Amino acid sequence: AGVEQVDESAAPEKLATQDDQSQVGVRRGSEDSKKSRSRSSPAAKDGPSEDKGGGAKLQTVPHVGRSIWYKNMEVVVRFVGDVHFAEGTWLGIELATPGGKNDGTVKGVQYFACRPKHGLFIPWVPGAYSKA
């Protein structure tokens, strides 16, 4: 299945409130906004991919701090929730080596903190990632 590419820096921007900026780690939208949104998988170049981690495929959203396999790399989940640059539930992950796009901050909104070029956001899709 093909995956359409989305550049985080080109995604539509919403205004972030001070409360949005102060919450780092897990971010959830209101129940009403969740019901009105489509739960289909967001398309992104950093989306689901086959990995060779060998662990059980995750069917529930991983918690912050859990290690998962993403593109044959063991990464650590640093954020789970809604983001201002796209619809759906997203994982903010920290890579062990500098191959990411950010430090956990996108367009001035900090979702988590890590070293520069070690952070990346990927859409949550059940069964797309494996336990490390």
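Refer to the structure above for everything that follows.
Along each chain, residue indices are assigned from 1 in the same order as the chain's sequence is written. Given that the model is predicted, a residue must reach a pLDDT of at least 70 before its local features are reported, and side-chain atom pairs must reach 80 or more before they are shown or counted; all residues, however, enter totals for whole chains, interfaces and linings. To get the side-chain values, take all heavy atoms of the structure and skip hydrogens and water.

## Considerations on the packing of aromatic side chains
For Phe, Tyr and Trp, rings pair up if their centres lie within 6.5 Å, where Trp contributes its six-membered ring, and each pair is then called stacked (planes under 30 degrees apart), edge-to-face (over 60) or tilted (otherwise). For the coordinates displayed, the defined rule picks out nine aromatic pairs. Plain terms: the ring middles of Phe112 and Phe121 are 5.6 Å apart, the flat faces sit at 55° to each other, and that makes the pair tilted. Summarising the burial analysis for this pair, Phe112 and Phe121 share the class buried. Among the aromatic side chains, those forming a connected cluster through ring pairs are Phe79, Phe85, Trp90, Tyr111, Phe112 and Phe121. Burial status follows relative accessibility: with a 1.4 Å probe on protein chains alone, a residue under 20% of its type maximum counts as buried, one over 50% as exposed, and anything between as partly exposed.

## With respect to the nonpolar core
Residue types Ala, Val, Leu, Ile, Met, Phe, Trp, Tyr and Cys, when buried and joined through side-chain atoms within 4.5 Å, form a set referred to as a nonpolar core. Counting 15 residues, the largest nonpolar core has Ile68, Tyr70, Val75, Leu91, Ile93, Ile122 and Tyr129 as the members making the most contacts within it. Only strand S2 (67-70), strand S3 (73-81), strand S4 (90-94) and strand S7 (119-123) provide two or more residues apiece to this core. When residues of this core are assigned to their parent elements, the largest contribution, three residues, is made by S3. With 10 residues, the next largest nonpolar core counts Val83, Trp90, Phe112 and Cys114 among its residues. The way it works is that DSSP assigns letters per residue, a run of H or I at least four long becomes a helix, a run of E at least two long becomes a strand, and they are numbered from the N terminus.

## Points about the pairing of S2
Residues Ile68 and Tyr70 of S2 are buried on one face, while the alternating residues Ser67 and Trp69, pointing to the opposite face, are not. Relative to S3, S2 runs antiparallel, the two being bridged by four bridges. Within the sheet, the bridge partner assigned to Tyr70 lies in S3 and is Met73. Count of turn residues in the S2/S3 antiparallel hairpin: two residues, of which Lys71 carries a positive phi of about 50°. DSSP-based pairing: two strands are paired if at least 2 bridges between them are found.

## As for the environment of Leu120
One can find Leu120 in strand S7. Here Leu120 falls in the buried class, since its relative accessible area comes to 4%. Considering only alpha carbons, one finds Leu120 and Arg78, 42 residues apart in sequence, at a separation of 9.8 Å.

## Quick word on the environment of Gly119
Here Gly119 lies in strand S7. Residue Gly119 is classed as buried on the basis of its relative accessible area of 0%. Separated by 20 residues in sequence, Gly119 and Gly99 have C-alpha atoms that sit 8.1 Å apart. Residues contacting Gly119, with those up to four places away along its chain left out, are Ile93, Gly100, Lys101, Asn102, Phe112 and Cys114. Throughout, a residue-residue contact means that at least one pair of heavy atoms, one from each residue, lies within 4.5 Å.

## Points about unusual backbone geometry
The backbone phi angle of Lys71 is positive, close to 50°, even though this residue is not glycine. Here Lys71 is to be found in the loop between S2 and S3. We classify Lys71 as partly exposed; its relative accessible area is 36%. If you check the backbone angles, Lys107 has positive phi at about 50° while not being a glycine.

## Topic: the pattern of salt bridges
Salt-bridge detection follows one rule: a side-chain nitrogen of Lys or Arg within 4 Å of a carboxyl oxygen of Asp or Glu. Scanning all chains against the criterion turns up one salt bridge. The salt bridge partner of Glu94 is Arg78, with a shortest N-O separation of 2.7 Å. Taken as a pair, Glu94 in strand S4 and Arg78 in strand S3 lie far apart in primary sequence, 16 residues in all. Look at Arg78 and you get partly exposed, because its relative accessible area is 30%.

Function cannot be inferred from these measures alone, as they are strictly geometric.
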